[in-house]
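These are the residues of each chain, in order.
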There are 2 protein chains.
Amino acid sequence: MTSGAELIGDTETVDGFSNILSGVVKLTKTLSDGREQIVGLQFAPDFVGRPFREESALTAQAATDVSLCSFPRATIEGMLKRSPGLEHRLLEQTLRELDEARDWMVTLGRKTAGEKVASFLILIATYIDPEFDPRSGSAVFDLPLTRAEIADFLGLTIETVSRQLTKLKADKVIEIENNRRITVEDIERLRFRAGI
Amino acid sequence: MTSGAELIGDTETVDGFSNILSGVVKLTKTLSDGREQIVGLQFAPDFVGRPFREESALTAQAATDVSLCSFPRATIEGMLKRSPGLEHRLLEQTLRELDEARDWMVTLGRKTAGEKVASFLILIATYIDPEFDPRSGSAVFDLPLTRAEIADFLGLTIETVSRQLTKLKADKVIEIENNRRITVEDIERLRFRAGI
DNA sequence: GCGACCAGTTGGTCCGGGTCAAGCGCACCG
DNA sequence: CGGTGCGCTTGACCCGGACCAACTGGTCGC
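The rules behind these values
Residues numbered from 1 in each chain as written. Chains lettered and ligands numbered in written order. Predicted model: local features only at pLDDT ≥ 70, side-chain atom pairs only at ≥ 80, totals over all residues. Heavy atoms only, no water. Near = heavy atom within 4 Å. Polar contact = N/O pair within 3.5 Å; in protein donor to acceptor, adjacent residues only side chain to side chain. Helix = DSSP H or I, 4+ residues; strand = E, 2+ residues; numbered from the N terminus. Nonpolar A, V, L, I, M, F, W, Y, C, P; charged D, E, K, R; others polar. Axes fitted to C-alpha atoms, helices over the stretch in contact; angles between N-to-C directions. Parallel < 35°, antiparallel > 145°, perpendicular 65-115°, else oblique. Left-handed = near helix turned anticlockwise from the far one by under 90°. Contact = heavy atoms within 4.5 Å. Least-squares fit on C-alpha atoms with pLDDT ≥ 70 in both. Buried < 20%, exposed > 50% of the residue type's maximum accessible area, 1.4 Å probe, protein only. Domains from an automatic or database assignment. Buried area = accessible area lost by both parts, 1.4 Å probe. Salt bridge = Lys/Arg side-chain N within 4 Å of Asp/Glu carboxyl O.

> Can you explain the protein's contact with DNA strand C? Please cite residues and give values.
As a matter of local geometry, DNA strand C sits amid 16 residues, with Arg 147, Ser 162 and Arg 163 of chain A together with Ala 113 and Thr 160 of chain B nearest to it. Measuring from a phosphate oxygen of DNA strand C, one finds a side-chain N or O atom of Thr 166 of chain A at 3.1 Å. Backbone polar atom of Ala 113 of chain B to a phosphate oxygen of DNA strand C: 2.7 Å apart, as the coordinates give it. Among the elements that make up the surface near DNA strand C, the one with the highest residue count is helix H5 (residues 158-170) of chain A (four residues). Class assignment of the residues belonging to the surface near DNA strand C gives a composition of two nonpolar, eight polar and six charged.

Below, the structure is given as structure tokens:
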């Protein structure tokens, strides 16, 4: 599935329930006047879908090229009834997503623009960099989101995201190639910028 | 348990797992420099506690007087293993909390101060007003939080919260008695102020 | 090659909300 | 009683980030 494709419509009934095999899925919510907020990013091998509810209050879109393994909703709910192990795994993922959502609430509510952008880079580094090791000081990765999507994730404007990235580059905390590829030599400096 | 008491320490091991019988519990996260964000409010009959993890990344405090029914962590995890029904109930609550957290992320990231305060009042009205009926136009309730706590919930300062409440009062959207008791005559007008 | 378009950057201006400070009302205490 | 402290409000000022606009570089179709 190519980038930008819509997986779950906002008011449509959510039929599917999928397993991400590769790629990044963004979950967004939109206010009636068009303001948008990304409320979650999901990476392989997460589930996508909201069991036990007909209607999803959010939109799931592929942020990068994504490959999925999808089931109809009835199938998955039947499987959940029969297999407590699967339900347990779903509970574990949901608890993890809740922890992440709450972490992000702190970022949205209490951090400055610079801290938000640094926090975002750390988040992506930990998920994306194939050989990222928290103890090693460095990371290299491609941003899976455009500036506009980063802005929607951080509750900022695209201009502010751009300026903060430029500032991190000017301060030699990161390097940027082709607008997408980020190199962080010293992740501790970046973490410091994120307001811990 | 009286208001302000701490239920779960930040770095301490979370031993307990409780059921709220009455009152309001606030879940907060704090940055190293003291900035604070309330990341969740829990009302009866929610569970409080983070199963399957030794360490909780947040602090749970009583916001009002609270009565609890507590179990040691081992007990609850044993019960969860033996009773899939209980685990299912926990999954349902966790999914609901995740939905709420994501709704709140939109409020934190994309709404103005006035919309945030209106959204907060609607949230409290739906949980607290004993005879609140969404179709009836009005609601009366006591705020379970101080201005400082509301500010920490909304990612604002106490002054801004105060000013926005004063403005809602001046515009006859709400009435305020004793700084705590709120009357909303026409909840639709308040909902309009919340940016839907 | 050339123009159109899109993602991103950069500059300038403005305002919402933060910050600082003073003051009010009320409960509690000596 | 007056003093003290806390929760809250109000006013004045300021700044971070939104908004508006111009520009750059890369990609695509012709």
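> Talk me through the packing of helix H2 (residues 84-110) of chain A against helix H3 (residues 113-128) of chain A; I want residue IDs and the actual numbers.
All names here are of chain A. Where H2 contacts H3, the two axes come as close as 9 Å, and the packing angle between them is 155 degrees. When the interaxial angle is binned, H2 and H3 end up roughly antiparallel. At the point where H2 passes H3, the crossing takes the left-handed sense. Of the residues in H3, those touching H2 at Glu 100, Trp 104, Thr 107, Leu 108 and Arg 110 are Glu 115, Lys 116, Ser 119, Phe 120, Leu 123 and Tyr 127. Residues belonging to the contact of H2 with H3 are distributed by class as follows: five nonpolar, two polar and four charged.

> Which residues make up unusual backbone geometry, and what values go with them?
All names here are of chain A. In this structure, the amide linkage connecting Ala 44 to the following residue, Pro 45, adopts the cis form with an omega of 0 degrees. Tracing the backbone through its elements, the reader meets Pro 45 in the loop between strand E4 (36-43) and strand E5 (47-48). A positive phi angle, near 60 degrees, is found at Lys 172, a position not held by glycine. Relative to the helices and strands, Lys 172 resides in the loop between H5 and strand E9 (174-177). Look at Asn 179: it is not a glycine, yet its phi comes out positive at around 65 degrees.

> Any chance you could break down the protein's contact with DNA strand D for me, citing the residues and the numbers?
Lining the immediate surroundings of DNA strand D are 16 residues, of which Ala 113 and Thr 160 of chain A together with Arg 147, Ser 162 and Arg 163 of chain B lie closest. In DNA strand D, atoms within 4 Å of the protein come from the sugar-phosphate backbone in 65% of cases. Between DNA strand D and Thr 157 of chain A there is a distance of 2.9 Å, counted from a phosphate oxygen to a side-chain nitrogen or oxygen. Within the side chain of Glu 159 of chain A, one N or O atom sits 2.9 Å away from a base nitrogen of DNA strand D.

> Residue-level account of the relation of the copies chain B and chain A, with values.
Put simply, the second copy of the chain is the first one after a rotation about an axis and a shift along it. Structural alignment of chain B on chain A gives an RMSD of 0.0 Å, achieved by rotating through 180 degrees and translating 0.0 Å along the axis. The relationship between the two copies is best expressed as a two-fold rotation axis. The fraction of interface residues of chain B whose copies in chain A are also interface residues reaches 100%, indicating that both copies meet through the same surface.

> Give a detailed account of helix H4 (residues 147-154) of chain B, specifying residues and quantitative values.
Buried residues dominate H4 of chain B, accounting for seven of its eight residues. A positive backbone phi angle near 70 degrees is found at Gly 155 of chain B, which sits one or two residues after H4 of chain B.

> Can you lay out the domain arrangement of chain A for me, pointing to particular residues and giving the numbers?
Residues and elements named next belong to chain A. Domain annotation for chain A reports domain 1 (6-108) and domain 2 (112-193). The gap between the C-alpha centroids of domain 1 and domain 2 is 24 Å. If you look at the interface, domain 1 gives 14 residues, while domain 2 gives 14 residues. The three residues of domain 1 that bury the most area against domain 2 are Ile 38, Phe 43 and Trp 104, which together make up 41% of that side's buried surface. For the pair domain 1 and domain 2, the interface holds one salt bridge. Between Glu 149 and Lys 26 there is a salt bridge, and its shortest N-O distance comes to 2.8 Å. Taken together, domain 1 and domain 2 are joined by six residue pairs in polar contact (both at pLDDT 80 or more).

> Account for the interface of chain B and chain A, with residues named and values stated.
Listed by partner, the interface residues are 44 residues for chain B and 44 residues for chain A. Taken together, the two surfaces of chain B and chain A that pack against each other cover about 4,000 Å², and 61% of this comes from carbon and sulfur. When the buried area of chain B at its contact with chain A is split by residue, Arg 102, Met 105 and Arg 110 of chain B rank highest and sum to 20% of it. In this assembly, chain B and chain A are joined by ten salt bridges. Put simply, chain B and chain A have 20 residue pairs in polar contact (both at pLDDT 80 or more) between them.

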